[in-house]
Amino acid sequence: MVQLQFIILLLTIDYAKSMNLIHSMSHRIDDVMKLCCELSTNHQIQTTVKGSGKGAAAAGGLAFAGGLVGGPLGIAVGGAVGGLLGCWLTSGQFKPLPQIIMELSPQQQQKLYGDLMAILGDIQWTDLVQLTALVMGNAALKQQLTGALLGYITKELQAEVHYVD
């Protein structure tokens, strides 16, 4: 009976440790996602979800059609109408990168986390503030992480990256 209680106690302790590890891992992923938000905010980065070509095609196509029908004045009118149509077609597709990052699925966050941890290596941190200070204080590390983040966004999410002035 004592042995059974001891085994149950060991299993309970082991389970508690594993749950703490899982919580710790999700906390680390959350820290890295928030770091990504800080990096992208720092660079004023926006992304365009695929589809911005529709807006350009609408503007260009209507300008061309206007030019065929009305000459130079038709180009101006067609371009203006096409620009408005393109704006309407692509509304809501330009998003700040922090918004995109926070909307990632858990699987996408895990992939991005893995990519960035390959750069961070064995750096240890206790909270987001410490991680942010470590990265922002090291220009080379900051540049590598920003490059990996932008690479993930363009490759995995197939989004275009724009810097806001």
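What you see is a predicted model; the values in this text were computed from it and never measured.

Colleague: Whenever I open this one, the packing of aromatic side chains confuses me. Can you help?
Modeller: Two aromatic rings are characterised by how far apart their centres lie and by the angle between their planes. The tally for this structure, following the rule as stated, stands at zero aromatic pairs. Its guanidinium or amino end placed over the ring of Trp125, Arg28 lies 3.9 Å from that ring's centre, counting from NZ or CZ.

Colleague: Help me understand the side chain of Ser40 in this model?
Modeller: Residue placement: Ser40 occurs in helix H1 (residues 2-42). Given the relative accessible area of 1%, Ser40 is considered buried.

Colleague: Please explain the nonpolar core as it appears in this structure.
Modeller: Generally speaking, soluble globular proteins have nonpolar side chains that are buried together. Val32, Leu112, Leu120, Val135 and Leu145 are the most contacted members of the largest nonpolar core, which totals 26 residues. Beyond its immediate sequence surroundings of up to four residues, Val135 is in contact with Leu35, Leu39, Leu120, Leu141, Lys142 and Leu145.

Colleague: Would you take a moment to explain a nonpolar patch on the surface for this structure?
Modeller: A cluster of nonpolar side chains, namely Leu73, Val77 and Val81, defines an oily patch on the protein surface of about 290 Å² accessible area. Relative to the helices and strands, Leu73 is located in helix H2 (residues 52-90).

Colleague: How should the confidence of the model for the protein chain be read in this particular structure?
Modeller: Predicted coordinates in regions of low pLDDT should not be interpreted in detail. Scored by pLDDT, the protein chain comes out at a mean of 76, with 62% of its residues at no less than 70. Helix H4 (residues 106-120) holds the highest mean pLDDT among the elements of the protein chain, 94, whereas strand E1 (residues 45-48) holds the lowest, 61. Predicted confidence for residues 19-23 stays below pLDDT 50, and this span has zero contacts to residues more than four positions away or in other chains.

Colleague: Which parts of the structure should I look at to understand the environment of Ala118?
Modeller: Considering the arrangement of structural elements, one finds Ala118 in helix H4. As a C-alpha pair, Ala118 and Leu145 span 27 residues in sequence and 9.7 Å in three-dimensional space.

Colleague: Explain H4 to me, please; I cannot follow it from the model alone.
Modeller: Along an α-helix, residues three or four positions apart point the same way, because every turn accommodates 3.6 residues. In this model H4 runs 20 Å from its N-terminal to its C-terminal C-alpha over 15 residues, within 8% of the 21 Å that 1.5 Å per residue would give. Every buried residue of H4 is listed here: Gln109, Leu112, Tyr113, Leu116, Met117 and Leu120. Take H4 and look down its axis: the buried residues cluster within an arc of 140°, on one side only. Opposite the packed face of H4, turned more than 90 degrees from it, sit the exposed residues Gln107 and Ala118.

Colleague: Any chance you could explain helix H5 (residues 128-136) here in plain terms?
Modeller: Of all the positions in H5, only Leu131, Thr132 and Val135 are classed as buried. Down the axis of H5, the sector holding all buried residues measures 95°, keeping them to one side. Residues of H5 that are exposed and point over 90 degrees away from its buried face: Val129 and Ala133.

Reading guide: rules and limits
- Residues numbered from 1 in each chain as written.
- Predicted model: local features only at pLDDT ≥ 70, side-chain atom pairs only at ≥ 80, totals over all residues.
- Heavy atoms only, no water.
- Phe/Tyr/Trp six-rings, centres within 6.5 Å; stacked < 30°, edge-to-face > 60°.
- Lys NZ or Arg CZ within 6 Å of the ring centre and 35° of its normal.
- Helix = DSSP H or I, 4+ residues; strand = E, 2+ residues; numbered from the N terminus.
- Buried < 20%, exposed > 50% of the residue type's maximum accessible area, 1.4 Å probe, protein only.
- Core = buried A, V, L, I, M, F, W, Y, C linked by side-chain atoms within 4.5 Å.
- Contact = heavy atoms within 4.5 Å.
- Patch = residues over 30% accessible without salt bridge, like charges linked within 9 Å, V, L, I, M, F, W, Y side chains within 5 Å.
- Areas by Shrake-Rupley, 256 points an atom, 1.4 Å probe, with all protein chains shown as cover.
- Salt bridge = Lys/Arg side-chain N within 4 Å of Asp/Glu carboxyl O.
- pLDDT = per-residue confidence, 0-100.
- Expected span 1.5 Å × (residues − 1).
- Arc of directions from axis to C-beta.

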